Amino acid sequence: MSSTEAICDICGRMYTGQRCIRCTQNSISLTNFGGDTLGAVEPGSLAAPVEKPSVEAALKVTTTGELHIITTPLCMVGKAASNQIVLASDTVSDQHARIIYAGGEYSVEDLGSSGGTFLNGQKIADLEVLFDGDHVRIGDFRFYFVKKTHDDWSIE
């Protein structure tokens, strides 16, 4: 373990920097965890992870509870009809963001959208790990990231 790596006292996860992303939702890139666990994945590239998600997940609209279920390891989000999650709004780019499942974790990435993608109130610049209950904003849409536990979609 290098001098900039530490183990979180709360969750026990190794992290690099000043705060653990799991506990403080600080913006830490996956590359800070000892390498890019997804390989060379560039915004807008067509390279898709091949690992099938072992846990179902969704973006849950904060105001209505409507679920946008993530059904593939590479879930495109935007206003174009070709996306897995289509958000019809002028505040959303055609291909705005993507949610990736790899290494047992879900992550979100902005694809150079004009309005940006926000995780827990912070505009993201890199691929960011998602945790149950995280707040995601894409255009004027606000979501909770939720994982399905047992037979329901409640936030743990």
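Residues numbered from 1 in each chain as written. Predicted model: local features only at pLDDT ≥ 70, side-chain atom pairs only at ≥ 80, totals over all residues. Heavy atoms only, no water.

## As for the sheet that holds strand β13 (residues 141–147)
Here we have six strands laid out as an open sheet, ordered β4-β3-β13-β12-β9-β10, and antiparallel in their pairing. Every interior strand has two partners, whereas the edge strands, β4 (67–70) and β10 (122–123), have only one. Pairing geometry for strand β3 (residues 57–61) and β13, over five bridges, is antiparallel. By the bridge assignment for β13, Ala-58 is matched with Val-146. (Pairing = 2+ DSSP bridges. Helix = DSSP H or I, 4+ residues; strand = E, 2+ residues; numbered from the N terminus.)

## Notes on the pattern of salt bridges
If you walk through the whole model with that rule in mind, you get one salt bridge. A salt bridge links Arg-98 to Glu-109; its shortest N-O distance comes to 2.7 Å. Of the two residues, Arg-98 is situated in strand β7 (residues 97–102) and Glu-109 in strand β8 (residues 105–110); the sequence distance between them amounts to 11 residues. Judged by its relative accessible area of 0%, Arg-98 is buried. (Salt bridge = Lys/Arg side-chain N within 4 Å of Asp/Glu carboxyl O. Buried < 20%, exposed > 50% of the residue type's maximum accessible area, 1.4 Å probe, protein only.)

## Description of the packing of aromatic side chains
Tallied over the entire structure, the rule returns three aromatic pairs. Among the aromatic residues, those joined into a cluster by ring pairs are Tyr-101, Tyr-106 and Phe-145. Sitting above the plane of the Phe-118 ring, Arg-137 keeps its charged end 3.9 Å from the centroid. (Phe/Tyr/Trp six-rings, centres within 6.5 Å; stacked < 30°, edge-to-face > 60°. Lys NZ or Arg CZ within 6 Å of the ring centre and 35° of its normal.)

## Some points on the pairing of β8
Among the six residues that make up β8, six are buried, leaving the element largely enclosed by the rest of the structure. Burial along β8 is two-sided: Glu-105, Ser-107 and Glu-109 and Tyr-106, Val-108 and Asp-110, pointing in opposite directions, are all buried. The sheet contact formed by β7 and β8 spans six bridges and is antiparallel. Directly across from Ile-100, in β8, lies its bridge partner Ser-107. Taking the residues that link successive antiparallel strands as the turn, the β7-β8 hairpin has two residues, and the phi of Gly-103 there is positive, at about 60°. By the bridge criterion, two bridges tie β8 to strand β11 (residues 128–129) in an arrangement that is antiparallel.

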